Amino acid sequence: MPKKTIDIEHDLTHLSILNEKGEADESLAPKLNGDTLVTMFRNMLATRRLDERMINMQRQGRIGTYGPSRGQEASQVGTAMALRPDDWTAQAFREMGMTLTRGWKMDLTLFFWGGYEEGNAVAKGHNDLPIAVPVASQTLHGVGIAWGMKIKKKDSVCITYLGDGGTSEGDFHEAMNFAGVYDLPLIFIVQNNQFAISHPRRKQTKSRTLAQKALAYGFEGVQVDGNDVLAVYSATCDAVAKARKGGGPTLIECVTYRLSMHTTADDPTRYREDKEVKEWEKRDPLIRFAKYLRNKGVLDDESIEGIENDVKDEIAAAVKRYEEYEGLDPLDSFKYILAELPPDIQAQQDEFVAALQNEGKMSH
Amino acid sequence: MASINMVKALNLALAEKMREDENVILLGEDIGQDGGVFRITEGLLDEFGSDRVIDTPVAEAGIVGAAIGMSIYGLRPVCEMQFSGFAYQAFHQVEGHLSRYRTRTRGRFSVPMVIRMPYGGGIRAIEHHSESREALYAHTPGLQVVVPSTPRNARALLRASMLSPDPVIFYEPKALYRAFREEVPDEPETQPLGKARVVCEGNDITLIGYGAMVRVLTEAAEDLSDQDGINADVIDLISLAPMDTETLVQSVSKTGRAIVVHEGPRRCGIGSEVAARLAESALDHLEAPVRRITGYDVQFPYFARERAFMPNSDRVVQAARELLDY
Ligand SMILES: Cc1ncc(C[n+]2csc(CCOP(=O)(O)OP(=O)(O)O)c2C)c(N)n1
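Residues numbered from 1 in each chain as written. Chains lettered and ligands numbered in written order. Predicted model: local features only at pLDDT ≥ 70, side-chain atom pairs only at ≥ 80, totals over all residues. Heavy atoms only, no water.

**Some remarks on the overall build of chain B**
Line of reasoning, step 1. Regarding its fold elements, chain B presents twelve helices and 14 strands.
Line of reasoning, step 2. For chain B, whose C-alpha radius of gyration is 20 Å, the value lies close to the compact-globule estimate of 20 Å for 326 residues.
Line of reasoning, step 3. Projected onto its principal axes, the C-alpha coordinates of chain B cover approximately 60 × 40 × 40 Å.
Line of reasoning, step 4. By sequence separation, contacts in chain B at least 24 residues apart represent 81% of the contacts at least 6 residues apart.
Line of reasoning, step 5. For chain B, the accessible area works out to roughly 12400 Å², and carbon and sulfur atoms hold 46% of it.
Line of reasoning, step 6. Counting 34 positive and 46 negative side-chain charges, chain B places the averaged centre of each group 3 Å from the other. (Helix = DSSP H or I, 4+ residues; strand = E, 2+ residues; numbered from the N terminus. Rg over C-alpha atoms; globule rule 2.2 N^0.38 Å. Contact = heavy atoms within 4.5 Å. Areas by Shrake-Rupley, 256 points an atom, 1.4 Å probe, with all protein chains shown as cover. Lys, Arg positive; Asp, Glu negative; His and termini not counted. Charge placed at Lys NZ, Arg CZ, Asp CG, Glu CD.)

**Things to note about the site of the ligand**
All names here are of chain A.
Line of reasoning, step 1. Surrounding the ligand, one finds 15 residues, the nearest of these being Arg94, Gly165, Gly166, Asn193 and Phe195.
Line of reasoning, step 2. Val133 is positioned such that a nitrogen or oxygen atom in its backbone is 3.1 Å from a nitrogen atom of the ligand.
Line of reasoning, step 3. Between the ligand and Asp164, the relevant distance is 3.0 Å, taken from an oxygen atom to a side-chain nitrogen or oxygen of the residue.
Line of reasoning, step 4. Within the complex, the protein chains bury 69% of what would otherwise be the 580 Å² of accessible surface of the ligand.
Line of reasoning, step 5. Partitioning the shell around the ligand into residue classes produces seven nonpolar, five polar and three charged. (Near = heavy atom within 4 Å. Polar contact = N/O pair within 3.5 Å; in protein donor to acceptor, adjacent residues only side chain to side chain. Nonpolar A, V, L, I, M, F, W, Y, C, P; charged D, E, K, R; others polar.)

**Quick look at the domain arrangement of chain B**
Residue and element names in this part refer to chain B.
Line of reasoning, step 1. According to the domain assignment, chain B contains domain 1 (2-184) and domain 2 (197-324).
Line of reasoning, step 2. Of the residues lining the interface, 31 residues belong to domain 1; the matching set on domain 2 comes to 25 residues.
Line of reasoning, step 3. Taken together, the two surfaces of domain 1 and domain 2 that pack against each other cover about 2000 Å², and 59% of this comes from carbon and sulfur.
Line of reasoning, step 4. The three residues of domain 1 that bury the most area against domain 2 are Arg124, Glu134 and Val147, which together make up 21% of that side's buried surface.
Line of reasoning, step 5. Where domain 1 packs against domain 2, one counts zero salt bridges.
Line of reasoning, step 6. At the boundary of domain 1 and domain 2, one finds ten residue pairs in polar contact (both at pLDDT 80 or more).
Line of reasoning, step 7. For the side of domain 1 that touches domain 2, the elements supplying multiple residues, two or more each, are α6 (134-138), β6 (144-146) and α7 (151-163).
Line of reasoning, step 8. When the residues that make up the side of domain 1 that touches domain 2 are grouped by side-chain class, the tally is 17 nonpolar, nine polar and five charged. (Domains from an automatic or database assignment. Buried area = accessible area lost by both parts, 1.4 Å probe. Salt bridge = Lys/Arg side-chain N within 4 Å of Asp/Glu carboxyl O.)

**Details of the sheet that holds strand β12 (residues 239-241) of chain B**
Residue and element names in this part refer to chain B.
Line of reasoning, step 1. Pairing is mixed across the open sheet formed by seven strands, whose spatial order is β3-β2-β4-β5-β7-β6-β12. Each edge of the open sheet is held by one strand with a lone partner, namely β3 (53-55) and β12. Across the sheet, the mean angle separating the axes of adjacent strands is 20° when strand polarity is ignored.
Line of reasoning, step 2. Here five bridges tie strand β2 (residues 24-28) to strand β4 (residues 76-80), and the two strands are oriented parallel to one another. Across the sheet, Val24 pairs through a bridge with Arg76, a residue of β4. (Pairing = 2+ DSSP bridges. Axes fitted to C-alpha atoms, helices over the stretch in contact; angles between N-to-C directions.)

**Here we look at the environment of Val135 of chain A**
Residue and element names in this part refer to chain A.
Line of reasoning, step 1. Relative to the helices and strands, Val135 resides in the loop between α4 (106-113) and α5 (138-151).
Line of reasoning, step 2. Here the alpha-carbon distance between Val135 and Gln58, two residues 77 residues apart in the chain, equals 23 Å.
Line of reasoning, step 3. For Val135, the residues in contact, after removing those within four places along its chain, are Phe93, Gly165, Gly166 and Glu169.

**Quick word on a negative patch on the surface**
Line of reasoning, step 1. Among the surface-exposed residues, Glu219, Glu222, Asp226 and Asp314 of chain B lie close enough to one another that they form a single negatively charged patch.
Line of reasoning, step 2. Assignment of secondary structure puts Glu219 of chain B in helix α8 (residues 213-228). (Patch = residues over 30% accessible without salt bridge, like charges linked within 9 Å, V, L, I, M, F, W, Y side chains within 5 Å.)

**With respect to the sheet that holds strand β7 (residues 220-225) of chain A**
Residue and element names in this part refer to chain A.
Line of reasoning, step 1. Spatially, the six strands line up as an open sheet ordered β1-β7-β8-β4-β3-β2, and their pairing is parallel. Pairing within the sheet leaves two strands with one partner each, and these edge strands are β1 (13-15) and β2 (88-90). Adjacent strand axes in the sheet meet at a mean angle of 25°, parallel and antiparallel pairs treated alike.
Line of reasoning, step 2. Bridging between β2 and strand β3 (residues 158-163) involves three bridges; their strand directions are parallel. Paired with Ala90 across the bridge in β3 is Thr160.
Line of reasoning, step 3. Its contacts with the sheet place α5 against β2, β3 and β4 (186-192), and it is angled at close to 170° to β3.

**Looking at the interface of chain B and chain A**
Line of reasoning, step 1. Contacts between the two partners involve 43 residues from chain B and, on the opposite side, 42 residues from chain A.
Line of reasoning, step 2. In this assembly, chain B packs against chain A so that about 3500 Å² is buried in total across both faces, 64% of it on carbon and sulfur atoms.
Line of reasoning, step 3. Looking at the side of chain B facing chain A, the largest losses of area belong to Tyr73, Arg106 and Arg108 of chain B, adding up to 25% of the total buried there.
Line of reasoning, step 4. Put simply, chain B and chain A have three salt bridges between them.
Line of reasoning, step 5. Note that Arg277 of chain B is salt-bridged to Asp344 of chain A, the shortest N-O span being 3.1 Å.
Line of reasoning, step 6. Examining the composition of the side of chain B that touches chain A, we find that eleven residues originate from one element, helix α3 (residues 60-73) of chain B, more than from any other.
Line of reasoning, step 7. Here the residues of the side of chain B that touches chain A are counted per class, giving 19 nonpolar, 14 polar and ten charged.

**Looking at the environment of Lys21 of chain A**
Residue and element names in this part refer to chain A.
Line of reasoning, step 1. With respect to the helices and strands, the residue Lys21 is situated in the loop between β1 and α1 (34-59).
Line of reasoning, step 2. Expressed as a C-alpha distance, the spacing of Lys21 and Gly246, which sit 225 residues apart in the sequence, is 38 Å.
Line of reasoning, step 3. With sequence-adjacent residues up to four places away left out, Lys21 is seen in contact with Lys291 and Asn295.

**What to know about the packing of aromatic side chains**
Line of reasoning, step 1. This model, assessed by the stated rule, comprises 29 aromatic pairs over all chains.
Line of reasoning, step 2. Between Tyr101 of chain B and Phe109 of chain B the ring centres are 6.4 Å apart and the planes differ by 75°, which places this aromatic pair in the edge-to-face class.
Line of reasoning, step 3. One aromatic cluster is present, formed by Trp88 of chain A together with Tyr73, Tyr101 and Phe109 of chain B through successive ring pairs.
Line of reasoning, step 4. Looking at Arg283 of chain A, its charged tip hangs above the ring of Trp280 of chain A, at a distance of 4.3 Å from the centre. (Phe/Tyr/Trp six-rings, centres within 6.5 Å; stacked < 30°, edge-to-face > 60°. Lys NZ or Arg CZ within 6 Å of the ring centre and 35° of its normal.)

**What to know about the domain arrangement of chain A**
Line of reasoning, step 1. With domains assigned, chain A is organised as domain 1 (13-323) and domain 2 (329-364).
Line of reasoning, step 2. The C-alpha centroid of domain 2 of chain A is placed 39 Å from the C-alpha centroid of domain 1 of chain A.

**Thoughts on the packing of α5 of chain A against α3 of chain B**
Line of reasoning, step 1. Running from N to C, α5 of chain A and α3 of chain B cross one another at 55°; their axes reach a closest spacing of 6 Å. By the angle class used here, α5 of chain A and α3 of chain B are oblique. Relative to α3 of chain B, the crossing made by α5 of chain A is right-handed. For the pair α5 of chain A and α3 of chain B, the contacting residues are Leu140, His141, Val143, Gly144, Ile145, Trp147, Gly148, Met149 and Ile151 of chain A in the first and Ala61, Gly62, Gly65, Ala66, Ile68, Gly69, Met70 and Tyr73 of chain B in the second.
Line of reasoning, step 2. Residue classes in the contact of α5 of chain A with α3 of chain B are distributed as eleven nonpolar, six polar and no charged. (Parallel < 35°, antiparallel > 145°, perpendicular 65-115°, else oblique. Left-handed = near helix turned anticlockwise from the far one by under 90°.)

**Things to note about the nonpolar core**
Line of reasoning, step 1. One finds Trp147 and Phe188 of chain A together with Ile115 and Ile169 of chain B to be the most contacted residues of the largest nonpolar core, which totals 82 residues.
Line of reasoning, step 2. Sorting elements by how many residues they give to this core places α3 of chain B first, with nine residues.
Line of reasoning, step 3. Residue contacts for Phe188 of chain A: discarding those within four places in its chain leaves Thr139, Thr160, Leu162, Phe172, Ala175, Met176, Ala179, Phe219, Thr250, Leu251 and Ile252 of chain A.
Line of reasoning, step 4. By size, the runner-up hydrophobic cluster in this structure holds 64 residues, among which are Ile17, Ala29, Leu45 and Ile159 of chain A. (Core = buried A, V, L, I, M, F, W, Y, C linked by side-chain atoms within 4.5 Å. Buried < 20%, exposed > 50% of the residue type's maximum accessible area, 1.4 Å probe, protein only.)

**Quick notes on helix α12 (residues 301-323) of chain A**
Line of reasoning, step 1. Given a rise of 1.5 Å per residue, 23 residues ought to cover 33 Å, and the 33 Å separating the end C-alpha atoms of α12 of chain A matches this to within 8%.
Line of reasoning, step 2. Along α12 of chain A, the residues classified as buried are Ile304, Ile307, Val311, Ile315, Ala318, Val319 and Tyr322 of chain A. (Expected span 1.5 Å × (residues − 1).)

Now the structure itself:
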């Protein structure tokens, strides 16, 4: 009968290891060897440089609209590096750093934003879903994959990525609920980059953090400095280890900032102050990590230049392959509709061929 | 040979496939403990356990979206939408992902899964429980849409759907669930997806339909034969996507007249598609316009008015007489 307080478990941490000056709290820092640190840096740098190149190419009309990752490299690379190849990912559309870390060729990024399905033709052996455009819809595919792992009694895990805006979608709710109810080895990485196109984080939800949303679904939520690759990596490793042992899902909110426009079709000056962007530029994840690695003696001018050149070559080679691609077969659209083309669609294909021939776009 | 109704036939198809393939799992609301609101999954929880017969929260997008992930991971999920009227909560997953995965990834990932859902009127249900919106799915590229019409073909079609390498929307005419029994063979059988079925033959007119309307057509065919000496070809489309144009054209080339019947609204409905195909491919044979007897382009009424609303054999007989006099 009495009115009393319900003692719900709630425990919300914010993790930050590496500050803007490149100083780390070594007691919290993950124990990584030099090679791993260099790989981490290289993945972040490659993401930054390809991102810059993509924007240039869009401006020159060599690809279509592009959604940049600038500023979010730590959140993308740090999370992906905590995975094994037999783990899976279910991404949204702003995870280029994750895909590069998972070993996707840069070609796929170019092809996708260049308007070819080839960009989503995930290579065999890569356990990653392609880009999913409908906001938060991919979180449910992550649920299904993690569920499959549980049913098959695997010790692998799945990460699904979404943005702060994605947390307002119904699919996110259903995915969180299923993950909790069935205790799935699924990690929600929310890249809180402060904006959903123009809509600011504070208007997306009244919740003080996005991490706390996990509490309502009965599992752990963690907030990390999303521009701190060591914190992102460390929190993801913890969540992954827990999930592998059957400990269920975790939501990690990576607090970061979208330094570029939403897409190349967007003009962010309509909804945010340059001052704010400048503030966040000081927290750039790449600069901070480079400082740290220099201080630690893992990298120096010369080795960084070596990596820069290496990345430049990789980008140049990918761009070349993209621009020299000759696979533009209009009949491609019919090739993958079903395993076997049914007669009625076959007849439409014949009609299409005749139209193309008539227009002189295909030889008889 | 056992004589069973459509509920039992669907249950049998699921059980048979689940015994053969441990990757086949079921997801849906109230399908486990409760056996499904129409009892299609009765007894399956006991036989296969809660890892394979999964009672989910009330979350249609969750069911379909999760099943997409499962199926990419190598499972063969069969989802139940409790009613087709609530499948719109998952329609974005169907249109946005289910139908597209093969194309999007150039064949790297396909989504071999089945979504079963009961549709159609005639069971005196409240709003959202009687509509027929198969055209929405048939309009969506990348989906196969099939509708059974008897216990035997329900079992065979569901089995074929579970074997298909691509997604199938399995639209169940709930008015037929317990309407009649039919002998089914002891061994599982499949019915090819994409093929129509000639139910009975005649030279004067072609009557085309699917699902619960097939019974309306056979009744009309009997009346026409008894009362007017008019003999009808009755074609059960079975597969709405892809559609078996060949069988339609063959029949109409012989009869020169066609009536197409469905419960769903007329505008941009399956009947429009049938009429267009006949106009494109059988115009030379047509002796009269193709007639559509369908739901009207208004809301399906609450059940007090549904009997008057739904297509019936009298309307088919009347239209057939008009076409023969044309
Ligand atoms: C279901 C859906 N609604 C609307 C859109 C259009 N849209 C594309 S991105 C976006 C904002 C997404 O914001 P957020 O989830 O924070 O991710 P971010 O773009 O910041 O990475 C919107 C509204 C969409 N792709 N999908």
